[in-house]
Amino acid sequence: MSGWTADRIPDQHGKVAVVTGANSGLGLVTATELARRGAHVVLAVRNLAAGAEAARRIGGDNEVRELDLASLASVRAFAGKLTADHPSVDVLVNNAGLVRLGPRRTTADGFEAHLGTNMLGPFALTGLLLDALAAGHGGRVVGLSSITHKNAHLDFDDLMSERGYRAALVYGRSKLATTLFGLELDRRLRAARLPVISALAHPGLTRTNLTPRAWEHRGRLGRLIAVGGLLATQSVEQGTLPQLRAATDPEVRGGQFFGPARLWETRGPVTEARLGREAADPAVARRLWTAAEDLTGVRYL
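The rules behind these values
Residues numbered from 1 in each chain as written. Predicted model: local features only at pLDDT ≥ 70, side-chain atom pairs only at ≥ 80, totals over all residues. Heavy atoms only, no water. Buried < 20%, exposed > 50% of the residue type's maximum accessible area, 1.4 Å probe, protein only. Helix = DSSP H or I, 4+ residues; strand = E, 2+ residues; numbered from the N terminus. Arc of directions from axis to C-beta. Contact = heavy atoms within 4.5 Å. Polar contact = N/O pair within 3.5 Å; in protein donor to acceptor, adjacent residues only side chain to side chain. pLDDT = per-residue confidence, 0-100. Pairing = 2+ DSSP bridges. Right-handed = clockwise from strand over helix to strand, strands pointing away.

A. Up close: helix α2 (residues 48–58). Looking only at α2, the buried set comprises Gly 51, Ala 54, Ala 55 and Ile 58. Projected onto a plane normal to the axis of α2, the buried residues spread over an arc of 105° and lie on a single side. Facing away from the buried surface of α2 by more than 90 degrees, the exposed residues are Ala 49, Arg 56 and Arg 57. At its buried positions, α2 is contacted by α1 (25–36), β2 (40–45) and β3 (62–66). The backbone nitrogen of Ala 49 has a side-chain oxygen 3.0 Å away, supplied by the residue at the start of α2, namely Asn 47. Looking one or two residues past α2, Gly 59 carries a phi angle of roughly 70°, positive in sign.

Here it is as structure tokens:
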């Protein structure tokens, strides 16, 4: 099915879909397509004003809720309010992410910013929403990976990247962690015989606002680099297809990973993507899961 397009998304009426980072880029396109096909879409965003503008553009049946994945307090507050209003959730798209190539930064909880935002926040959110997902109509969790995970390595003695910090490498590690989490989540869901699947996707090289933000610390030079990078990317609509397929295709199996088919998975039609060596190691995934439980205080499965 390498020719999969958004036209293949089945009817989503009656479903509740949560999309993090839904006010721009991949998240905005994902939320738009889900709403267009009848889902009640929850736009989980840090900036409520930007979320409200996105909701107006999306139309359909949607609502905006505040969520900052870099704060466990915000994650807990979001999950508590959401499940009180929506005890059944059908789709969770962990789309929001951070790419910041400047100096090392930390989250509200003291985590290295990339790991905290891209993996630990979604780990906690997924666990807090798991009962609602299990109550849905074939619940589905979609994690957003990256081709940068393939050459990354986790150092469990320095998970917060305090030694020799290099932002590009740390971003890749955070996406490796995201990938390991998504695969281990599926293994545990199957072992627990819960009616929820976990799938993964990556957008290849896609034209989103994360690229200019990543280089903003370099001033004018950074803006020039960002423009050059954008010229080498595919459209956000094309880049969103892997996660839309992971979120909606009835034939998706737990643990599947989707991405672009061409030029080393940087662009093109949707196909099954290849995992990096470390991402495919269940022992590493189990170790990361234990660390994530200890760091977030959220334990499940």
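Once the structure has been displayed, the description carries forward.
B. Broad picture of the environment of Phe 78. Structurally, Phe 78 is set in helix α3 (residues 72–85). Taking the relative accessible area as the measure of exposure, Phe 78 reaches 3% and is therefore buried. It is 9.5 Å that separates the C-alpha atoms of Phe 78 and Leu 128, two residues lying 50 residues apart in sequence. Excluding its chain neighbours within four sequence positions, the residues that come into contact with Phe 78 are Val 18, Val 42, Ala 44, Arg 65, Glu 66, Leu 67 and Leu 125.

C. Quick peek at the confidence of the model for the protein. For the protein, the mean per-residue pLDDT works out to 93, and 91% of the residues sit at or above 70. Here residues 213–229 is a poorly scored stretch, pLDDT under 50, and it has 14 contacts once near neighbours within four places are set aside; other chains count.

D. Spatial organisation of the pairing of strand β6 (residues 196–201). By the criterion of burial, β6 is predominantly enclosed, with five of the six residues buried. Looking at chain direction, strand β5 (residues 139–144) and β6 are connected through six bridges and run parallel. Each bridged residue has a counterpart across the sheet, and for Gly 139 the counterpart in β6 is Val 196. Running through helix α5 (residues 167–191), the crossover from β5 to the neighbouring parallel element β6 is right-handed. The pairing of β6 with strand β7 (residues 257–262) spans two bridges and is classified as parallel. Looking at the pairing, Leu 200 lines up with Phe 257 of β7.

E. Structural view of the side chain of Ser 74. Within the secondary structure, Ser 74 sits in helix α3. Once residues lying within four places of it in the same chain are set aside, the contact partners of Ser 74 are Glu 66, Leu 67 and Asp 68.

F. Up close: the pairing of strand β4 (residues 91–94). A two-sided burial pattern is seen for β4, the buried positions comprising Val 91 and Val 93 on one face and Leu 92 and Asn 94 on the other. Each parallel crossover has a hand, and for β4 linked through helix α4 (residues 113–134) to β5 it is right-handed.

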